[in-house]
2 protein chains.
Amino acid sequence: MLSKKEIKDIQSLSHKKFRDELKLFIAEGPKIVGELLELIPQKIERIYALKEWIESNSSLPEVANVVEVDSIGLRRLSQLQTPNQVIAVIKKLPSKKPDASSFTLYLDTIQDPGNFGTIVRTADWFGIKNIVCTPGCADVYSPKVVQSTMASIARVNVYYDENEEWLKEQTVPVLAATLHGRPLHDRSKMKEGILIIGNESKGVRKEILQYATEQITIPKRGEAESLNAAVAAGIILSHLMM
Amino acid sequence: MLSKKEIKDIQSLSHKKFRDELKLFIAEGPKIVGELLELIPQKIERIYALKEWIESNSSLPEVANVVEVDSIGLRRLSQLQTPNQVIAVIKKLPSKKPDASSFTLYLDTIQDPGNFGTIVRTADWFGIKNIVCTPGCADVYSPKVVQSTMASIARVNVYYDENEEWLKEQTVPVLAATLHGRPLHDRSKMKEGILIIGNESKGVRKEILQYATEQITIPKRGEAESLNAAVAAGIILSHLMM
């Protein structure tokens, strides 16, 4: 039986304030929880799961503290409209200030949690180890971001850059995706450098754009006004890195 | 003052059954409604808007039947958590069976409405005029799809293919995006043909894959298990078409 305090504590993790205070976040569903258990078992603080999930995961690492709940209990804890078997409470991962010796993605004010998480996952596909974000971006530990990363959250280091202090220091090429740059397909591949992706309705802000050494644009043949930020990031990374 | 019946009728448009019956759908917010008013004024059946929206859109086409509502009225009609000034009720657009003389996108069981709408928008960016879908895909007129297309819904023809009858008839090259195909970057550009994108957790189903003449894969350098379907579509279209 779950105590009222336990339910309240876990529900509070939908708010950044409490995630920061408790240094915890949550992930839901057998797929992502299963992957995180393999990748970062030592970070899993506690698991709340239905009997069926526990039975089909009998070889769980000993580190995990598993609590069986019924479907009513799971619904109380869940952030999802359709709770899905298991919820893990996980210790936040260390956020390291990266060096730019490999390719780094820089996100300016990507507020939509689904887009943000999808970008983390896309970066992971292309082997990018570091994402640097302006403070106006979504919180990487918000439940919707975590779900959209599909466990890539455990493989990609996300660092929040206050007052562009990190960006200012860099000496590698800095590309910004804008609507009026050089056509992407004319740009040669690159192994080190920074790619800036901006908010899709406002683009890259001036205060960030001033650090760009080049602007690039995905050529348009049709009529859509813009591309989704995660789609744009994927297209540019695929061209530059592969 | 809105009548109860009017409120109920508009709310019912969140369900496919009623959209099909009434041949209507809704779009919300100044940006998408503004664009649709320019693109398909004759299809706008009615607009419900706050006074401020009406005042800043005083040169509305005469076709539009505009009803002023207050913020409580707007909230009653809206599908959004944060209603945004204006809701348009729009006649469904004709769905034409396309020929494959230009590039066509074929979607297999893309159920997530945000992904589906983002793919329609991405196709529009690359100048694709036709998307053919299996019946297991999201309904293009569901409110979340409409919002994610960002008005591209008015420029891209979406056709639902029952029992693969359309796909069976085609004689152009048919590429399927899978995890074990030929590397995308080895494939030359193409002007006509079909690209099949499958459900992201299950991929392209066997019954659809049998019609593919080639399989292609976006090379992976990192660890993510898969890419988001809209991101994958964008990367492949950018490579094949530009």
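Rules used throughout
- Residues numbered from 1 in each chain as written.
- Chains lettered and ligands numbered in written order.
- Predicted model: local features only at pLDDT ≥ 70, side-chain atom pairs only at ≥ 80, totals over all residues.
- Heavy atoms only, no water.
- Core = buried A, V, L, I, M, F, W, Y, C linked by side-chain atoms within 4.5 Å.
- Buried < 20%, exposed > 50% of the residue type's maximum accessible area, 1.4 Å probe, protein only.
- Contact = heavy atoms within 4.5 Å.
- Buried area = accessible area lost by both parts, 1.4 Å probe.
- Salt bridge = Lys/Arg side-chain N within 4 Å of Asp/Glu carboxyl O.
- Helix = DSSP H or I, 4+ residues; strand = E, 2+ residues; numbered from the N terminus.
- Axes fitted to C-alpha atoms, helices over the stretch in contact; angles between N-to-C directions.
- Parallel < 35°, antiparallel > 145°, perpendicular 65-115°, else oblique.
- Left-handed = near helix turned anticlockwise from the far one by under 90°.
- Nonpolar A, V, L, I, M, F, W, Y, C, P; charged D, E, K, R; others polar.
- Patch = residues over 30% accessible without salt bridge, like charges linked within 9 Å, V, L, I, M, F, W, Y side chains within 5 Å.
- Areas by Shrake-Rupley, 256 points an atom, 1.4 Å probe, with all protein chains shown as cover.
- Lys, Arg positive; Asp, Glu negative; His and termini not counted.
- Charge placed at Lys NZ, Arg CZ, Asp CG, Glu CD.
- Expected span 1.5 Å × (residues − 1).
- Polar contact = N/O pair within 3.5 Å; in protein donor to acceptor, adjacent residues only side chain to side chain.
- Phe/Tyr/Trp six-rings, centres within 6.5 Å; stacked < 30°, edge-to-face > 60°.
- Least-squares fit on C-alpha atoms with pLDDT ≥ 70 in both.
- Domains from an automatic or database assignment.

### What about the nonpolar core?
Move 1: Core analysis: the largest hydrophobic core is formed by 118 residues, its most contacted members being F116 and I197 of chain A together with F116 and I197 of chain B.
Move 2: When residues no more than four places from it in sequence are discounted, the contact partners of F116 of chain A are L107, I110, C133, C137, A138, V140, V145, V158 and Y160 of chain A.

### Remarks on the interface of chain A and chain B
A common way to express how large an interface is: the accessible area buried when the components associate.
Move 1: Taken together, the contact pairs 32 residues of chain A with 32 residues of chain B.
Move 2: Counting the surface lost from both chain A and chain B, the interface buries some 3,100 Å², and carbon and sulfur atoms represent 60% of this.
Move 3: Three residues stand out in chain A for area buried against chain B, namely R121, W125 and R221 of chain A, and they jointly supply 26% of the buried area on that side.
Move 4: The partner of K31 of chain B in a salt bridge is E225 of chain A, with the nearest N and O atoms 2.8 Å apart.
Move 5: Contributing elements (two or more residues each) for the side of chain A that touches chain B: α3 (30-39), α6 (113-125) and α10 (229-241) of chain A.
Move 6: Element by element, the count of residues in the side of chain A that touches chain B is highest for α10 of chain A, at 6 residues.

### Remarks on the environment of A177 of chain B
All names here are of chain B.
Move 1: Relative to the elements of secondary structure, A177 occurs in strand β8 (residues 174-183).
Move 2: Taking relative accessible area as the criterion, A177 reaches 19% and is therefore assigned buried.
Move 3: When the C-alpha positions of A177 and Q147 are compared, they lie 26 Å apart, and in sequence the two are 30 residues distant.
Move 4: If near-sequence neighbours (up to four positions away) are discounted, A177 is found in contact with I196, I197, V204, I216 and I236.

### Thoughts on the packing of α10 of chain A against helix α10 (residues 229-241) of chain B
Move 1: Close contact between α10 of chain A and α10 of chain B brings their axes to 8 Å; oriented N to C, the two are set at 45 degrees. Put simply, α10 of chain A runs oblique to α10 of chain B. Handedness of the crossing formed by α10 of chain A with α10 of chain B: right-handed. Contacts between α10 of chain A and α10 of chain B involve A230, V231, G234, I235 and S238 of chain A from the first element and A230, V231, G234, I235 and S238 of chain B from the second.
Move 2: Residues of the contact of α10 of chain A with α10 of chain B, tallied by class, amount to 6 nonpolar, 4 polar and no charged.

### Here we look at a negative patch on the surface
Move 1: Where like charges cluster on the molecular surface, the negative patch consists of E52, E55, E68 and D70 of chain A.
Move 2: Along the polypeptide, E55 of chain A turns up in helix α4 (residues 51-55).

### Looking at helix α6 (residues 113-125) of chain B
All names here are of chain B.
Move 1: Between the first and last C-alpha of α6 there are 19 Å, a value that for 13 residues agrees with the 18 Å anticipated at 1.5 Å per step.
Move 2: Across the 13 residues that make up α6, a large majority, 11, are buried.
Move 3: The N-cap of α6, judged by a side-chain oxygen 3.1 Å from the amide nitrogen of G114 a few residues on, is D112.
Move 4: G127 lies just past α6 and shows a positive phi near 80 degrees.

### Observations concerning the packing of aromatic side chains
Residues and elements named next belong to chain A.
Move 1: The final tally for this structure, using the stated rule, is 4 aromatic pairs over all chains.
Move 2: Note on F25 and Y141: the rings are 4.7 Å apart at their centroids and 45 degrees apart in plane angle, and the pair reads as tilted. With a gap of 116 residues between them, F25 in strand β1 (residues 24-28) and Y141 in the loop between β6 (130-133) and α7 (143-149) connect regions that are remote in the sequence.
Move 3: Its relative accessible area of 9% is what places Y141 among the buried residues.
Move 4: Ring centres of Y106 and W166 lie 6.1 Å apart, and the angle between their planes is 15 degrees; on these two criteria the pair is classed as stacked. In this pair, Y106 is assigned in strand β5 (residues 103-108) and W166 in helix α8 (residues 165-168), connecting sequence segments 60 residues apart. Judged on exposure class, the residue Y106 and its partner W166 are both buried.

### Let's talk about the pattern of salt bridges
Move 1: In the structure shown here, the tally under the stated rule is 28 salt bridges over all chains.
Move 2: Note that R155 of chain B and D124 of chain B form a salt bridge whose closest N and O atoms lie 2.7 Å from each other. Of this pair, R155 of chain B sits in the loop between α7 (143-149) and β7 (157-160) while D124 of chain B is found in helix α6, placing the two residues 31 residues apart along the sequence.
Move 3: Classification of D124 of chain B by relative accessible area gives buried; the value is 2%.
Move 4: Residues joined in a network through salt bridges with shared partners are K16, D20 and K92 of chain A.

### Describing the relation of the copies chain A and chain B
Move 1: If you rotate chain A by 180 degrees and push it 0.0 Å along the axis, it lands on chain B with an RMSD of 0.0 Å. Considering both components of the superposition, the chain copies are consistent with a two-fold axis.
Move 2: Of the residues that chain A buries at the interface, 100% are likewise interface residues in chain B, meaning the two copies contact each other through the same surface.

### Examining the domain arrangement of chain A
All names here are of chain A.
Move 1: Segmenting chain A into domains produces domain 1 (4-91) and domain 2 (103-241).
Move 2: Here domain 1 and domain 2 have C-alpha centroids that lie 30 Å from each other.
Move 3: In total, domain 1 and domain 2 occlude about 1,100 Å² of area from one another, counting both sides; carbon and sulfur atoms represent 70% of this.
Move 4: On the domain 1 side of the contact with domain 2, R19, F25 and I32 bury the most area, a combined 40% of that side's loss.
Move 5: The interface formed by domain 1 and domain 2 includes 1 salt bridge.
Move 6: Put simply, D139 and R19 hold a salt bridge, and the shortest N to O gap is 2.7 Å.
Move 7: Our count for the contact surface shared by domain 1 and domain 2 stands at 3 residue pairs in polar contact (both at pLDDT 80 or more).
Move 8: Mapped by element, the contributors of at least two residues to the side of domain 1 that touches domain 2 are α2 (16-22), β1 and α3.
Move 9: The residue makeup of the side of domain 1 that touches domain 2, split by class, is 8 nonpolar, 2 polar and 5 charged.

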